[in-house]
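What follows is the residue order along each chain.
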Amino acid sequence: MTNNNDCFKNDPQHALLTVEKTLQQIKQAIEPLKTRQTLAIRDALGRTLAENVVSSINVPPHRNSAMDGYAINSEFLTSAPPLQLTVIGSSFAGNPFHGKVSVTECVRIMTGAMMPDDCDTVIMQEDTLRTENIIQINKQHEKAQNVRHPGEDIAKNTTVLKAGRQITPADLGLLSSIGISEVTTYRKPKVAFFSTGDELKSLGETLGPGDIYDSNRYTLFGMLTKLDVDILDLGVIADDKTLIRETLEKAASEADMILTSGGASVGEADYVSEILQEIGQVNFWKIAMKPGKPLAFGMINNTPYFGLPGNPVSVMATCYLFVQLAITRLKGLDDNNHLSLQARCLNPLNKAPGRTDFQRGILKQTTDGVLTVETTGLQGSHILTSMSLANCFIVIPQNSGNVAAGETVEVLAFNGII
Ligand code: AMP
Ligand code: MG
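In short, a report on the structure. Here the structure is a predicted model, which is why all the values come from computation and not from measurement.

Around ligand 1, a shell composed of 16 residues is seen, among which Glu199, Asp214, Ser215, Asn216 and Gly263 lie nearest. Contact distances for ligand 1 include 3.4 Å between a nitrogen atom and a side-chain N or O atom of serine 195. Note that a nitrogen atom of ligand 1 is positioned 3.2 Å from one of the side-chain N or O atoms of asparagine 216. Computed on the free molecule, ligand 1 has an accessible area of 490 Å², of which 77% lies beneath the protein chains in the complex. In terms of residue class, the shell around ligand 1 is built from 4 nonpolar, 9 polar and 3 charged.

In structure tokens, the structure reads:
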């Protein structure tokens, strides 16, 4: 990492970095973790698959019935209905019928049960009239109907899941359907974080004059938990150079990524940037976004580092956009599944040209299916209630001004981590 983008110091007026460019820089800078771990499939949920999974069997493994009904030989269907057949046995799922079946005979069969060798068609129960061991079929039926074939879902020797995907609940089902109990995954990233600021008190402490409770460690805990990483919470660190340096070094040696919040601006008691110049290769970016303009990003001893702003809403917005991407990269995954939608804005919104706004909104769908979005109210970067009420960001482009009520706006629906 170089300090080429050190616009915070060198070019304060003109070098605002766009959100797009910031995302690109982060994507390029972060290498996926390489360590592999073989896990029982349940423990692999949410992990990144490290190797292709190939099926050694067909699914379904045998021809079976798609309906409850009667298995017959379709040669019999060439005669015109009504037709009568003799029921000579039954085939249940897991309990097949093994005997011979002649053209005028049939076998009672259940959904998922193996087809008798001599049968190729199933007549569903509702289309038959049964009297003792005789069934009557009154209408025309298609040859080969209601039969599932071997390998119809998954054919033997095909790649079922590709390396690099995140394992989902459906995948656990797929893996078990092909008899696989363990998969090779990549190790889970470990993320260390701490808050800085003499004014910050942890829960359980009493607030003195000028103090506030630390909330960033809790929002970060929540988002990181949803991002499915291991967490190392290093607490609140006072504005003390030695303490901050020691904590950053400990974090760099133990974690795969470090986050701090606060202390990265140019306030007199803000030591983080000063220490980072000494022990890391960190860029101090000014990003053309609101909230969350100042952001430090770089490496401390090869461990990626984010110096998030102190304000609670800025922390959440930058974590959502940038830290989430970085974790996705560490996991070796490609995208964040951000759903960008167009919605009708119900309120006028204040916006100054110059930066991209990520205002907090409430996205709804009317009964006619129209997407609408409403502001959460006050949009200051200290108004944490705006985050708690929101289910989306209203993204207003860098050069746009105010939005009038009724205009269509771009909305970024939260993907479940806020
Ligand atoms: P700073 O970047 O340290 O100057 O902080 C900017 C603003 O965010 C100040 O109002 C801080 O009090 C506030 N702040 C910083 N860290 C936290 C935190 N962990 N929880 C809540 N507010 C914070
Ligand atoms: Mg501070």
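This part covers the pairing of strand 4 (residues 69–72). Pairing of strand 4 with strand 6 (residues 105–109), which is carried by 3 bridges, proceeds in the antiparallel orientation. In the sheet register, glycine 69 faces strand 6, and the bridge partner there is isoleucine 109. Alignment of strand 4 against strand 7 (residues 121–124), held across 4 bridges, turns out to be antiparallel. Of the residues in strand 7, the one forming a bridge with glycine 69 is methionine 124.

The next thing to look at is the pattern of salt bridges. Within this structure, the stated rule accounts for 13 salt bridges. Put simply, aspartate 256 and arginine 187 hold a salt bridge, and the shortest N to O gap is 2.9 Å. One end of the pair, aspartate 256, is in the loop between helix 5 (241–254) and strand 17 (257–261); the other, arginine 187, is in the loop between strand 12 (182–186) and strand 13 (190–196), and 69 residues separate them in sequence. A relative accessible area of 14% places aspartate 256 in the buried class. Taking relative accessible area as the criterion, arginine 187 reaches 28% and is therefore assigned partly exposed. Shared partners join several salt bridges into a network, and the residues in it are Asp214, Arg217 and Asp233.

Criteria and thresholds
- Residues numbered from 1 in each chain as written.
- Chains lettered and ligands numbered in written order.
- Predicted model: local features only at pLDDT ≥ 70, side-chain atom pairs only at ≥ 80, totals over all residues.
- Heavy atoms only, no water.
- Near = heavy atom within 4 Å.
- Polar contact = N/O pair within 3.5 Å; in protein donor to acceptor, adjacent residues only side chain to side chain.
- Areas by Shrake-Rupley, 256 points an atom, 1.4 Å probe, with all protein chains shown as cover.
- Nonpolar A, V, L, I, M, F, W, Y, C, P; charged D, E, K, R; others polar.
- Pairing = 2+ DSSP bridges.
- Helix = DSSP H or I, 4+ residues; strand = E, 2+ residues; numbered from the N terminus.
- Salt bridge = Lys/Arg side-chain N within 4 Å of Asp/Glu carboxyl O.
- Buried < 20%, exposed > 50% of the residue type's maximum accessible area, 1.4 Å probe, protein only.

Function-wise, these values are silent; they only describe arrangement.
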